[in-house]
Every structure is written in C-alpha cells, then in structure tokens.
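# Chain and residue survey
Listed below are the residues making up each chain.
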Amino acid sequence: IDNLYSCYQEASVSRTTAGITFYPLANNSTLTINIVGDNRFGAVHYSSSLSNNQLIFQGTGSLTVADVDFKVSSSAQSNSNGEGVKGYFSNYWCSAIGGNDGGQGNAVGIVFKSGTIFAGTTLAENCTAIGGGGNDKGLVKIEGGTITAVAATTGVAIGGGIGFNSSGGIGVVNISGGNVYAYNLGNEWEIPSAA
C-alpha cells in the first residue's frame, strides 16, 4: 500500500469487510502488507483461527487504523444509564486491526515486522485496537517497527477480544523487537482492563 486512504468499513458487530480484508479459508495462507508512504484506513479485518495463517505488516511507511464514521448508537450501544451514546461506532466490539464480534473474531497470526503502525479505538466502540474481536482470540507477534495501540475498553489494547458480559478472549502477545506503546484509557463500567 502506498499513500492510500480508505474510510470504508462495514458498521456492524459482525463486520466481514473493511478497507483491507483477509479471511483465509485454507491452511498456510499469508497476506503481506508492504507499507510505503502514509496510509489511513478505518479498519483492517482479519479473521483466522489457524496458527499457520498470517497477516504480516512490513515496510518503511506508516499505517493509521482508526474509525472515521461518526454515528449515534442504537439502544444496544448504551452507557451505564441505558442512554444512547454519541460516538464512533463502526468498529463496535470489532478490533481496529483484527476480527469481529459475530463469529469471525479470532485473529491468530497478526505479525508486525517493520513500519510505523497506529491503531486506535474509542470508549464508544469498546473494542481491542489490535487482536481478537469481542470474546475471541488474538495472537499477535511484534518483531520490529513502531507499534502504538490506544483503546478505551473493557478488554485490552493489544491481544484478545473484549469481555463485557463474559470473560473475553484469550490474548497472546509475543514481543521480540521494535518499539511498542500500548494504552488502555479505561471504561465507564469500571471493569478491570489492561493495555
């Protein structure tokens, strides 16, 4: 990708498409994204339960993945007082980089080799920035580059999918190189959570 901008994403908890989508149906499938220039996407959808599939990010450029669609919540997306919340909802319970909350949430095999990556989600979205969708697995390897993940969530910034009415998803994050910055700004439900 070279200086690309896409605000496209499917505004649904069962999202299956985004600006970049990789949903391998076979073993030993790999998608390598070579990053050149400055690139921005609303979401990167990746779903795989198989440990031998990989979504690899590498290159000399930057990639920003953050929601861009301002929406008003439905009654299902309410605050602790039961009120609809205004906010960015297109990634609701779906990771900015990773899976969804509707049956394609496992994101096993996300690998960062180089490049500058920013993934951000909001309190209104209540989702993982990089990793599993709601309640699902997120297995992430960071081997190089500069990775920044910012979330305000009942789950984590990098790792498994969020838990709200359940325990959340398993997260495994292996860091062997690079610079990693992970922030979880918390949640209004006061559910303990981590970066």
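Everything here concerns the structure above.
Since this is a predicted model, take the numbers as computed values, not measurements.

About the criteria used
- Per chain, the residues get numbers from 1 upward, laid out in the order the sequence is written.
- pLDDT decides what is reported in this predicted model: residues at 70 or higher carry local features, side-chain atom pairs at 80 or more are listed and counted, and totals for whole chains, interfaces and linings draw on all residues regardless.
- For side-chain calculations, the full set of non-hydrogen atoms in the structure is used, while hydrogens and water are omitted.
- Basic side-chain nitrogens of Lys or Arg form a salt bridge, by our definition, when they fall within 4 Å of a carboxyl oxygen of Asp or Glu.
- Relative accessibility decides the category of a residue: with a 1.4 Å probe and only protein chains considered, values under 20% of the type maximum give buried, values over 50% give exposed, and everything between is partly exposed.
- Only DSSP runs of H or I covering at least 4 residues are called helices, and only runs of E covering at least 2 are called strands; the numbering of each starts at the N terminus.
- When DSSP finds two or more bridges between two strands, those strands count as paired.
- Contacts: residue pairs with any heavy atoms within 4.5 Å of one another.
- Two joining distances apply to patches: 9 Å for like charges and 5 Å for nonpolar side chains (Val, Leu, Ile, Met, Phe, Trp, Tyr), and every residue must have over 30% relative accessible area and no salt bridge.
- Calculation of accessible area relied on Shrake-Rupley with a 1.4 Å probe; when residues are assessed, cover is drawn exclusively from the protein chains displayed.
- Buried Ala, Val, Leu, Ile, Met, Phe, Trp, Tyr and Cys residues that are joined via side-chain atoms within 4.5 Å together make up what is termed a nonpolar core.
- Axis definition: a line fitted to C-alpha atoms, limited for helices to the stretch in contact. Angles are taken between N-to-C directions and run from 0 to 180 degrees.
- Only a pair of cysteine sulfur atoms within 2.5 Å qualifies as a disulfide here.

Counted by the stated rule, this structure contains two salt bridges. Of the charged contacts, one joins Asp 38 and Arg 40 as a salt bridge, the two residues approaching to 3.5 Å between their closest N and O atoms. You can call Asp 38 partly exposed: its relative accessible area is 35%. On the accessibility criterion, Arg 40 (41% relative accessible area) is partly exposed.

The next thing to look at is the pairing of strand E15 (residues 146–151). Of all six residues that make up E15, five are buried, and the element is covered over most of its length. Both strand E12 (residues 116–120) and E15 contribute to a ladder of five bridges, which runs parallel. Bridging across to E15, Ala 119 finds its partner in Ala 149. Where E15 lies against strand E18 (residues 179–184), six bridges are found, and the strand directions are parallel. Looking across to E18, one finds that Thr 148 is bridged to Tyr 181.

Right, let's talk about the environment of Ser 193 for a bit. Along the polypeptide, Ser 193 turns up in the segment after E18. A relative accessible area of 33% places Ser 193 in the partly exposed class. On a C-alpha basis, the gap between Ser 193 and Ala 152 in space is 9.2 Å, while along the polypeptide they are 41 residues apart. With residues up to four places along the chain from it excluded, the contact list for Ser 193 reads Thr 153, Thr 154, Gly 155, Asn 184 and Asn 187.

What follows concerns the sheet that holds E15. The six strands lie next to each other as E1-E4-E7-E12-E15-E18, forming an open sheet whose pairing is parallel. Each edge of the sheet is formed by a strand with only one pairing partner; in this case those strands are strand E1 (5–6) and E18.

Take a nonpolar patch on the surface next. Where nonpolar side chains cluster on the molecular surface, the patch consists of Tyr 181, Tyr 183 and Leu 185 and spans about 340 Å² of accessible area. When you line up the elements, Leu 185 lands in the segment after E18.

Let us now look at the nonpolar core. In terms of nonpolar packing, the biggest core is built from 27 residues, with Phe 57, Ile 97, Ile 110, Phe 112, Ile 117 and Ile 130 touching the most fellow members. Apart from residues no more than four positions distant in its own chain, Ile 117 is found in contact with Ile 35, Phe 57, Leu 63, Ile 97, Phe 112, Thr 146, Ile 147 and Thr 148.

Read across the open sheet, the five strands follow the order E3-E6-E11-E14-E17; overall the sheet is parallel. Where the open sheet ends on each side, the last strands, each with one partner, are strand E3 (30–35) and strand E17 (171–175). Pairs of neighbouring strands in the sheet enclose a mean axial angle of 15°, with direction left out of account.

All right, on to the state of the cysteines then. Tallied over the entire structure, the rule returns zero disulfides. A disulfide-free cysteine, Cys 127 has its sulfur positioned 7.3 Å from the sulfur of Cys 94, the nearest such atom. On the basis of relative accessibility, which here comes to 0%, the residue Cys 127 falls in the buried class.

Looking now at unusual backbone geometry. A positive phi is found at Asn 3, a non-glycine position, where the angle reads about 55°. Turning to its location among the elements, Asn 3 is positioned in the segment before E1. The backbone phi angle of Asn 28 is positive, close to 60°, even though this residue is not glycine. For Asn 28, the position within the fold is in the loop between strand E2 (20–22) and E3. Overall, Asn 28 belongs to the exposed group, its relative accessible area being 61%.

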